[in-house]
Amino acid sequence: MAAIRIEAAKWRQHRHSLWARLDELLNITVSDTDHAPVGQLSRYVHIFRRAGLLTSTRDFCLPYSIMLTKFLRRRGFAAQLVIGVSGRPFAAHSWVQIDDMVINDTIDNISRFTPIVVA
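Residues numbered from 1 in each chain as written. Predicted model: local features only at pLDDT ≥ 70, side-chain atom pairs only at ≥ 80, totals over all residues. Heavy atoms only, no water.

(A) Spotlight on the sheet that holds strand β4 (residues 114-118). If you walk across this open sheet you meet the four strands as β3-β2-β1-β4, and the pairing is antiparallel. For this open sheet the edge positions go to β3 (101-102) and β4, each flanked by a neighbour on one side alone. Where strand β1 (residues 80-86) meets β4, four bridges bridge the pair, whose relative direction is antiparallel. Bridge pairing in β4 links V82 to V118. Seen against the sheet, helix α4 (residues 61-73) touches β1 and β2 (91-98) and runs at an angle of roughly 15° to β2. (Pairing = 2+ DSSP bridges. Helix = DSSP H or I, 4+ residues; strand = E, 2+ residues; numbered from the N terminus. Contact = heavy atoms within 4.5 Å. Axes fitted to C-alpha atoms, helices over the stretch in contact; angles between N-to-C directions.)

Next up, the structure:
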């Protein structure tokens, strides 16, 4: 199921603008009364990492991160999409965080990027 979500997110990347995708994401809010089971987070992340092995997530960090953020928010986690850039050479990257915890990447990998959007 997670692999299907990843493929669908790739397809939507080509059909919808970034702003439309961010607007859709921002409409999924997690209230203070939503309490996601913390033990489930590692299970969900593990499922999506394994699904990423079945379908390439290379060069699709944005749709993958949007999809994962939506998935986690709908389950009560206060996940945030972060989009960052670096210069010389220019590069852009996105990842998911909950507070200061990076969900789908490593600190070493994201440390070279300066966040420009947090949604």
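(B) Looking closely at the nonpolar core. Counting 14 residues, the largest nonpolar core has L41, L68, L72 and I103 as its most contacted members. When contributions to this core are tallied by element, the ones reaching two or more residues are α3 (38-54), α4 and β2. Of all the elements, α4 adds the most residues to this core, at five residues. Those residues in contact with I103, other than ones at most four positions away along the chain, are L41, V45, R49, L68, L72, V96, Q97 and I98. In terms of nonpolar packing, the next biggest core, distinct from the first, is built from six residues, A91, W95, V102 and F113 among them. (Core = buried A, V, L, I, M, F, W, Y, C linked by side-chain atoms within 4.5 Å. Buried < 20%, exposed > 50% of the residue type's maximum accessible area, 1.4 Å probe, protein only.)

(C) View of the environment of S94. Mapped onto the elements, S94 comes out in strand β2. Each C-alpha atom of the pair S94 and G84 lies 6.1 Å from the other, and the pair is 10 residues apart in sequence. Sequence-distant contacts of S94, that is, excluding residues within four places in its chain, are made with C61, L62, S65, L81, V82 and I83. A polar contact of 3.1 Å, which involves the side chain of S94, links it to the backbone nitrogen of L62. (Polar contact = N/O pair within 3.5 Å; in protein donor to acceptor, adjacent residues only side chain to side chain.)

(D) Molecular detail of the packing of aromatic side chains. All told, the structure shown has three aromatic pairs when counted by the stated rule. Measuring from centroid to centroid gives 5.2 Å for Y44 and F71, while their planes differ by 90°, and the two rings are edge-to-face. Of this pair, Y44 sits in helix α3 while F71 sits in helix α4, and the two are 27 residues apart along the sequence. Y44 sits in the buried class, given a relative accessible area of 12%. Measuring from centroid to centroid gives 6.4 Å for W95 and F113, while their planes differ by 50°, and the two rings are tilted. (Phe/Tyr/Trp six-rings, centres within 6.5 Å; stacked < 30°, edge-to-face > 60°.)

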